[in-house]
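Commentary on secondary and tertiary structure
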Amino acid sequence: MMPADDAPKHRKAVTVAAFDFDETLTRQDTVVPFLRRLAGGRTLALGVLARSHRLASAAMRRNRDALRAMATDQVFRGRSIHEVEEHAREYGDQIYAVGLRPDTAARLAWHREAGHRVVIVSASYEQYVHVVGAHLGVDAVLATRLEVESERCTGRLLGPNCRGPEKVARLRGWLDAEGLSLDDVTLWAYGDSGGDRELLAAAQHPHWVRTPLDSVSPAV
């Protein structure tokens, strides 16, 4: 990744660093392993096959939201949220222990030490991203949410899948709750895929995490 840009002449009072999760903070995708952990590989595969026509159509259209909706219905529908959270705690602890990229985790720590507000904005399921975020000491986790009724998952998402424009919408919502707006902050953003384009476009300091980060701390 290229070195960070020089700081603007007129600094804003609040600096926010927004990190994508999968393959930005983590070494690899975390969603499919979590689904397999809950459903078992064979059960998940059979469920996907049962929806093969819809799956093929969504895949051909590269409709990640439709794919996520189908996987969520297959794995979570009727499942106790307490069971999900128990698996999420163990899985999140495991990711924190061995699954993080050391370079981006170090960059996140640098932002915290500099006094910046740090958020994770991710299409991964919030149950385990919250666990990793707590370990990392972030200010907020904005991730894909499961709809829950009477302590059981409905198989639907609560709100949109947190990717693309939804990442910016969720960040704006969090800033609004903090009494801020995107115009009030200096935003650093880190992402690795097309689902991060809008978030990176909103930042004064966008970083595509496609190669190892520099060992030198960014300028402020």
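In this section: the packing of helix H1 (residues 31-39) against helix H5 (residues 81-99). In contact at an axis separation of 11 Å, H1 and H5 are set at 135° when each is read in the N-to-C sense. Looking at the two axes, H1 sits oblique to H5. Considering only the axes of H1 and H5, their crossing is right-handed. Two secondary-structure elements touch here, H1 through Pro 33, Phe 34, Arg 37 and Leu 38 and H5 through Val 84, His 87, Ala 88, Glu 90, Tyr 91 and Gln 94. A per-class count over the contact of H1 with H5 returns six nonpolar, two polar and two charged.

Confidence along the protein averages 85 in pLDDT terms, with 81% of residues attaining 70 or more. This model gives residues 45-62 a pLDDT under 50, and the stretch forms 14 contacts once residues within four places in sequence are excluded. The low-confidence segment residues 215-220, where pLDDT is below 50, has 13 contacts with residues more than four positions distant or belonging to other chains.

Our focus in this paragraph is the nonpolar core. For soluble globular proteins, the rule of thumb is that nonpolar side chains tend to be buried together. With 36 residues, the main nonpolar core has Phe 21, Phe 34, Phe 76, Ile 120, Tyr 125, Tyr 128 and Leu 136 as its most contacted residues. Beyond its immediate chain neighbours, meaning those up to four positions away, Ile 120 contacts Phe 19, Phe 21, Leu 25, Val 129, Gly 133, Leu 136, Val 138, Ala 140, Val 141 and Leu 142. Val 16, Trp 174, Leu 175 and Val 185 belong to the second-largest nonpolar core, a separate cluster that totals 19 residues.

Let us look at the sheet that holds strand E3 (residues 140-144). Taken in spatial order, the five strands line up as E3-E2-E1-E6-E7 in an open sheet, and their pairing is parallel. Edge strands, defined here as strands with exactly one partner in the open sheet, are E3 and strand E7 (205-208). Ignoring which end each strand starts from, the neighbouring axes of this sheet average 15° apart. Across the sheet, helix H4 (residues 64-76) touches strand E2 (117-125) and E3, and the angle it forms with E2 is around 75°. Across the sheet, helix H6 (residues 102-113) is in contact with strand E1 (14-19), E2, strand E6 (185-191) and E7; its angle to E1 comes to roughly 160°.

Moving on to the pattern of salt bridges. Tallied over the full model, the rule gives ten salt bridges. Linking Asp 139 and Arg 117 is a salt bridge whose minimum nitrogen-to-oxygen distance equals 3.6 Å. Within this pair, whereas Asp 139 is found in the loop between helix H7 (126-136) and E3, its partner Arg 117 is found in strand E2, the two being separated by 22 residues in sequence. By relative accessible area, Arg 117 is classed as partly exposed at 25%. The closest approach of N and O atoms between Lys 167 and Asp 196, which form a salt bridge, is 2.5 Å. With Lys 167 in helix H8 (residues 165-177) and Asp 196 in the loop between E6 and helix H9 (197-201), this residue pair connects regions lying 29 residues apart in the sequence.

The next point concerns the environment of Arg 163. Along the chain, Arg 163 falls in the loop between strand E5 (152-157) and H8. A residue is classified by how much of its surface remains accessible, and Arg 163, at 25% relative accessible area, is partly exposed. Non-local contacts of Arg 163, meaning those with residues more than four positions away in its chain, are made with Arg 64, Asp 65, Ala 123, Gly 194 and Gly 195.

To continue, consider H8. Because the α-helix completes a turn every 3.6 residues, residues three or four places apart line up on one side. Taking 1.5 Å of rise per residue, the 13 residues of H8 would be expected to cover 18 Å, and the 19 Å separating its terminal C-alpha atoms lies within 8% of that figure. Next to the buried residues of H8 lie E1, E2, E3, E6 and H9. After H8 finishes, the residue Gly 179 shows a positive phi value of roughly 75°.

On the accessibility criterion, Lys 167 (2% relative accessible area) is buried. Contacts of Lys 167, omitting those with residues within four sequence positions, involve Asp 20, Val 121, Ser 122, Ala 123, Cys 162, Gly 195, Asp 196 and Leu 199.

Right, let's get into the packing of aromatic side chains. For the coordinates displayed, the defined rule picks out nine aromatic pairs. Judged by centre distance (6.4 Å) and plane angle (40°), the ring pair of Phe 34 and Phe 76 falls under tilted. In this pair, Phe 34 sits in helix H1 while Phe 76 sits in helix H4, placing the two residues 42 residues apart along the sequence. Judged on exposure class, the residue Phe 34 and its partner Phe 76 are both buried. Following the ring pairs from residue to residue traces out a cluster consisting of Phe 21, Phe 34, Phe 76, Tyr 91, Tyr 125 and Tyr 128. One residue, Arg 68, lies across the ring of Tyr 125, its end atom 5.0 Å from the ring centre.

Calculation criteria
Residues numbered from 1 in each chain as written. Predicted model: local features only at pLDDT ≥ 70, side-chain atom pairs only at ≥ 80, totals over all residues. Heavy atoms only, no water. Axes fitted to C-alpha atoms, helices over the stretch in contact; angles between N-to-C directions. Helix = DSSP H or I, 4+ residues; strand = E, 2+ residues; numbered from the N terminus. Parallel < 35°, antiparallel > 145°, perpendicular 65-115°, else oblique. Left-handed = near helix turned anticlockwise from the far one by under 90°. Contact = heavy atoms within 4.5 Å. Nonpolar A, V, L, I, M, F, W, Y, C, P; charged D, E, K, R; others polar. pLDDT = per-residue confidence, 0-100. Core = buried A, V, L, I, M, F, W, Y, C linked by side-chain atoms within 4.5 Å. Buried < 20%, exposed > 50% of the residue type's maximum accessible area, 1.4 Å probe, protein only. Pairing = 2+ DSSP bridges. Salt bridge = Lys/Arg side-chain N within 4 Å of Asp/Glu carboxyl O. Expected span 1.5 Å × (residues − 1). Phe/Tyr/Trp six-rings, centres within 6.5 Å; stacked < 30°, edge-to-face > 60°. Lys NZ or Arg CZ within 6 Å of the ring centre and 35° of its normal.

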